[in-house]
Amino acid sequence: MASDHSSSTGELNSDEFKSVDLQLQSSSSHRSISSNTWRASSIKEVGVIELGSKGGVRYGSRKGGSGSMSMSRKEIRDEDSRLVYVNDSVKTNESFEFAGNSVRTSKYSVLTFLPRNLFEQFHRVAYVYFLIIAILNQLPQLAVFGRFASLLPLSLVLLVTAVKDGYEDWRRHRSDQIENNRLACVLVNNVFEQKKWKDIQVGEIIKFSANETIPCDVVLLSTSDPTGVAYIQTINLDGESNLKTRYAKQETLGTREVENIRGVIKCEKPNRNIYGFLGTMEVDQKQVSLGPSNIVLRGCVLKNTSWAVGVVVYTGMETKVMLNNSGAQSKRSHLEARMNKEIILLSFFLAALCSVVSICAGVWLRQHRDELDIMPFYRRKDYSGEDEDNYKYYGWGLEIFFTFLMSIIVFQIMIPIALYISMELVRLGQAYFMIRDDRMYDESTDSRFQCRALNVNEDLGQIKYVFSDKTGTLTENKMEFQYASIFGIDYNGEKTEFYGEEGGYYAQVDGLILRPKMKVHVDMELLRLLKTGNDTNKHIYDFFLALASCNTIVPILVDTSNPDEKLIDYQGESPDEQALVYAAAAYGFMLIERTSGHIVVDILGDRQRFNVLGMHEFDSDRKRMSVILGCSDSTVKVFVKGADTTMFNVIDKSKNTDIVTATESHLHAYSSVGLRTLVMGMKGLSSHEFEQWRSSYEAATNSLMGRARLLRKVAINLETNLSILGASGIEDKLQEGVPEAIESLRMANIKVWVLTGDKQETAISIGYSSKLLTSKMTQIIINNNSTESCRRSLEEALIISRKAITSGENASLLALIIDGTSLVYILDSELEEQLFELASKCAVVLCCRVAPLQKAGIVMLIKKRTDDLTLAIGDGANDVSMIQKADVGIGISGQEGRQAVMASDFAMAQFRFLVPLLLVHGHWNYRRMGYMILYNFYRNAVFVLVLFWYVLYTAFTLSTAINEWSSVLYSVIYTSVPTIVVGILDKDLSRTSLLKYPQLYGSGQKQESYNSTLFWLTIADTLWQSIVGFFIPLLAYWKTDIDGPSIGDLWTLAVVFLVNLHLAMDVITWTWIIHASIWGSIVATIICVIIIDVIPILPGYWAIFHLAGDGLFWVCLIGIIVASLIPRLVLKTLVQHYRPSDIQIAGEAEKFGDLMESRSAEIEMNQPHR
């Protein structure tokens, strides 16, 4: 059948073909360098540039990151290179000793732990504040509390954090020790010996076997495969489980005795680009080029290859995987940022209190200056010695200054130090319950929700914009071949699962039956045409041959229960390629073998070998790939596949114009039903054309300067004047629950924007199927190729949107659809403001054909112009930039590796889990954290104000009736545990209600749980409660002989009872743990006060026992609680009765039945303005 197709290709006679084949064998190992290099650079724009980029990145241009290109896209200069002498580690390291292979992920050593950990902790300004307070208290002139007591709160917080950090680092030390002591096979004195990983040096030759992990970055020298190919799995590096091919150079393959290999490698210095490598190797006085296809990285696993040998080029902390071990960007929650502003206000309030005290003290000293020498309880003069000296009196001015500083010490807890540690513990508890939530557990992948950053938990409850990738995020990224357009004919008719007989197509090889692992539905008409075998089928033959050959798929045999039958598992880096190869196999074109130099395809029962004479793999610039095959009939054919936008530019439309037009029509139809499309083309090469390509390719491959640019030029020159073969339609099914999830998010007033690299028709179709778009929506489409046309389109669209709003139409009926080309001219220009205005008026935004940097630019478009919180969710390396730019980044652990997960704040397996994450956990987290912050401000301010009122009645001397130990333990033991427990466990509404009424999520968007109004109301309530708590005992015991420590115990107990009962009033969901924490704290306070009062050396010995025996004590205690809490209770009751919120209405429905349905007039949720 192959002979039927020779007419469409240039022919080579048999001698010429043999010559070509022999010549290409010497360069076959080069065949993937170009493609891998360009793949590296395209992915690097996502994975590397964004990690280190600052504000200077231009999002509008597709080449916005070019200024940050790694060495892999430039020539090697001497100052940017390293020399590695093969099999001579001594010489390699003599001039400059490279890093050893020992890795260290731990942060501390025994000597550095204490200073470094303290240094890191004191990055928090509040800790520095309390350290200064503690130091001031050590000075005799300012000593208010005992020196040890003043150090206790800060010391306790520092100790708890240090223990946590130390335990985590101990685990890292233990992991490092296990890793560094693993064994590898290293060539020592011409014999391979076992050597610990940590002892491996640059320049040494190592050997690794199948299923072994590579201990360092190694340039391949030889493999068990005669052609030098090795298959590796990079799951430990980037999470991708599919096999990838790497090659040893033919020049080193020829030296069968490894110990005799000598040479010098000149390569780039260590860098983070795991997809790029540039170097040269001089061996046997010949210089050969090295690229990404010649290096295997630390952490990769050798698969389907018996053994491989290589020379070490990077070790230890200089390996690419360790250089990338930096984690995700650190983010701070908006709630915490808002809290810091309130803390600044409290600092001014504290300064005001201290100023009042110091000024009043100065006035008092001036008024009583003549009585100070003999005044009881003050007595300025010291008469104990012969000379009459001033006793701790430093003059009027210094006394005022010292009083101010002493006031800060006494009132220090106005700034809540315990709040920071409480927030960390609450976030940890919240993360535990999110991780353990079975509703966010995916059984198919056995993966649970992951919290990779604890500091943005509460932001999950305030999200207004969700930016989502499409492929692998909304869809499964599991491709299934559906339709084919072959030479202008659309084959989308009746489908069947079987080819001929039960089980689908199979091939017989060496007595074994080989079947594809995945079945594909096939078209009955296509099957019939293939079976006829007439000349009209040559286009069908070429089409399926293109599917089977134009790829980087590796066929892997998998055992079955039947020893005479095996399954072929097609491993590849792209799900699209896998789908196409499985489709080709289903139609009888089964790829059964691939090496670096040839492929074997079973074509309708006839095994045919094709020599792979060259290959240019897919890259993001060309958006296509090509393969050059030497066929059995001595012809050379070029098969090309790629995106329609680039393929139609290289197809010769003068030939078969009707076919091209029909194919374009079919592509539009496929896209309209949500299918991913690819176009296939081919051409024949004459011997002269092939020789021209070969010489250009070898020259580009061996070039030391601008290699990538030259290889790209060679590929472009090859991929011209193609004849069209046809197109494919591949279905990427929506994930389970995506339409329902998007509908819930929209009901929660969350705007969902989809940013995808797919073509417009595909994105629109997915928009309809996911319920993102509806038939009632007015679509505003912007596809332009210049700044002026973009400006006109935006102005026209703004007019439409304004008319829709002024005419009373709902803005939720507007959908904006814009492509990446238009964004090139809009982002980073004066048109950005118009785009923002238009997008903010639309309910849905679809961005098609967008580059990774443009995704980040869209996120920044919103962040720079609004305070609304953004969330980005994606699954691939091209989503990393937007994930890092958004306020909250979520990675989908899907089919495209773990780059997105590694850069994210949270990770999950399915898009639908976003609903319980935001609507349930996000709501709970925000509400709990907001309340906890306000409560911490309240409980500390109440205590400080009681101390302040007392100072006003003690001549402003800052003596305090409350025992210093009670002051210290107030924030640590008396009141700290309940707020943490409530912050983790309390629920204002059940999961059922939050999911049933997504509108309830709006409380977080409107900041109902933490805002300026609530802050000032809290301060006012605090002021009232402190007045009641101080003055009731003062008036009750006025003109009695009660001593200071006794009334101090009353104030201590009253405040602790008060703040805990205040908390109990606001608890909605009671559990035994909450009961234990609140009532246990009250009991713990009583016990501590008793213990303090039974210690003879402390003031107030036995005071509590005398006090508690008096009935007036109990009257005061009850009176304080009642009088303090009644106004709060009355105000809450009035607000809930006359101005109930959505949360309160839903809470009543839970307690008293479904009031929404039982009332004659239905209560509607307060719909937020869209």
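Cut-offs applied
Each residue is numbered by its place in its chain's sequence as written, counting from 1. In keeping with the model being predicted, local features are shown solely for residues with a pLDDT of at least 70 and side-chain atom pairs are shown and tallied solely at 80 or more, while totals for entire chains, interfaces and linings include all residues. With hydrogens and water set aside, each side-chain value is computed from the structure's full complement of heavy atoms. At least two DSSP bridges between two strands are required for those strands to pair. The numbering of helices and of strands both runs from the N terminus, where a helix is a DSSP run of H or I of at least 4 residues and a strand a run of E of at least 2. Only the stretch in contact is used when a helix axis is fitted, and all axes are lines through C-alpha atoms; the angle between N-to-C directions ranges over 0 to 180 degrees. Note on terminology: a nonpolar core comprises buried Ala, Val, Leu, Ile, Met, Phe, Trp, Tyr and Cys residues joined through side-chain atoms within 4.5 Å. The cut-offs for exposure are 20% and 50% of the maximum accessible area for each residue type, with area from a 1.4 Å probe on protein chains only; residues under the lower value are buried, those over the upper are exposed, and the others partly exposed. Throughout, a residue-residue contact means that at least one pair of heavy atoms, one from each residue, lies within 4.5 Å. To estimate the expected span of a helix, subtract one from its residue number and multiply by 1.5 Å. Put simply, angles under 35 degrees are roughly parallel, angles over 145 are roughly antiparallel, angles from 65 to 115 are roughly perpendicular, and the rest are oblique. The hand of a helix crossing depends on one turn: near helix anticlockwise from the far one by less than a right angle means left-handed, and clockwise means right-handed. Here the term charged refers only to Asp, Glu, Lys and Arg, the term nonpolar to Ala, Val, Leu, Ile, Met, Phe, Trp, Tyr, Cys and Pro, and the term polar to all other amino acids, Gly among them.

Q: Looking at this structure, how should I read the pairing of strand E10 (residues 286–290)?
A: Where a strand is regular, its side chains alternate between the two sheet faces. The pairing of strand E9 (residues 279–283) with E10 spans five bridges and is antiparallel. Looking across to E10, one finds that Met281 is bridged to Val288. Between the antiparallel neighbours E9 and E10 lie two residues, among them Asp284 with a positive phi of about 55°.

Q: I would appreciate a short explanation of the sheet that holds strand E8 (residues 263–268) in the present structure.
A: What links the strands of a sheet is backbone hydrogen bonding, and the strands pair in either a parallel or an antiparallel sense. Reading across from one edge, E1-E8-E9-E10 is the order of the four strands in this open sheet, with antiparallel pairing throughout. Looking at which strands have only one partner, the edges of the open sheet turn out to be strand E1 (81–85) and E10. In this sheet, neighbouring strand axes are inclined to one another by 20° on average, regardless of whether the strands run parallel or antiparallel.

Q: Even after reading the chapter, I still don't get the nonpolar core, so can you show me in this structure?
A: Of all hydrophobic cores here, the largest spans 99 residues; its most connected members are Met339, Phe411, Ile933 and Phe937. Once residues within four sequence positions are removed from consideration, Ile933 is found in contact with Leu335, Met339, Leu419, Met423 and Tyr1010.

Q: What's the story with helix H22 (residues 787–806) in this structure? I'm lost.
A: Taking 1.5 Å as the rise per residue, H22 with 20 residues should run 28 Å; its terminal C-alpha atoms sit 28 Å apart, in good agreement. If you check which residues of H22 are buried, you get Ser789, Cys790, Arg791, Ser793, Leu794, Ala797, Leu798, Ser801 and Ala804. Each element contacted by the buried residues of H22 is listed here: strand E34 (778–782), strand E35 (814–819), helix H23 (820–826) and helix H24 (832–841).

Q: In this structure, what is going on with the side chain of Ser468? I would like to understand it.
A: Looking at the secondary structure, you find Ser468 in strand E17 (residues 463–468). For Ser468, a relative accessible area of 0% gives the class buried. Setting aside residues no more than four positions away along its own chain, Ser468 makes contact with Thr473, Leu474, Trp753, Val754, Leu755, Ile873, Met882 and Phe911.

Q: Is there a simple way to explain the packing of helix H14 (residues 538–549) against helix H15 (residues 575–586) in this structure?
A: When two helices pack together, their arrangement is given by the angle between their axes and by how far apart the axes lie. Two elements in contact, H14 and H15, have axes separated by 8 Å at closest approach and are oriented at 135°. Here H15 runs oblique to H14, going by the angle between their axes. Judged by the sense of rotation from one axis to the other, the crossing of H14 with H15 is left-handed. In contact with Phe544, Leu547 and Ala548 of H14, H15 contributes Leu580, Val581, Ala583 and Ala584. Class assignment for the residues of the contact of H14 with H15 results in seven nonpolar, no polar and no charged.

Q: Please explain the sheet that holds E35 as it appears in this structure.
A: Spatial strand order, E16-E39-E38-E37-E17-E33-E36-E35-E34: nine strands in an open sheet with mixed pairing. Each edge of the open sheet is held by one strand with a lone partner, namely strand E16 (450–451) and E34. In this sheet, strand E33 (residues 751–755) lies alongside E17 in parallel orientation, the contact comprising four bridges. Bridge pairing in E33 places Val466 opposite Val752.

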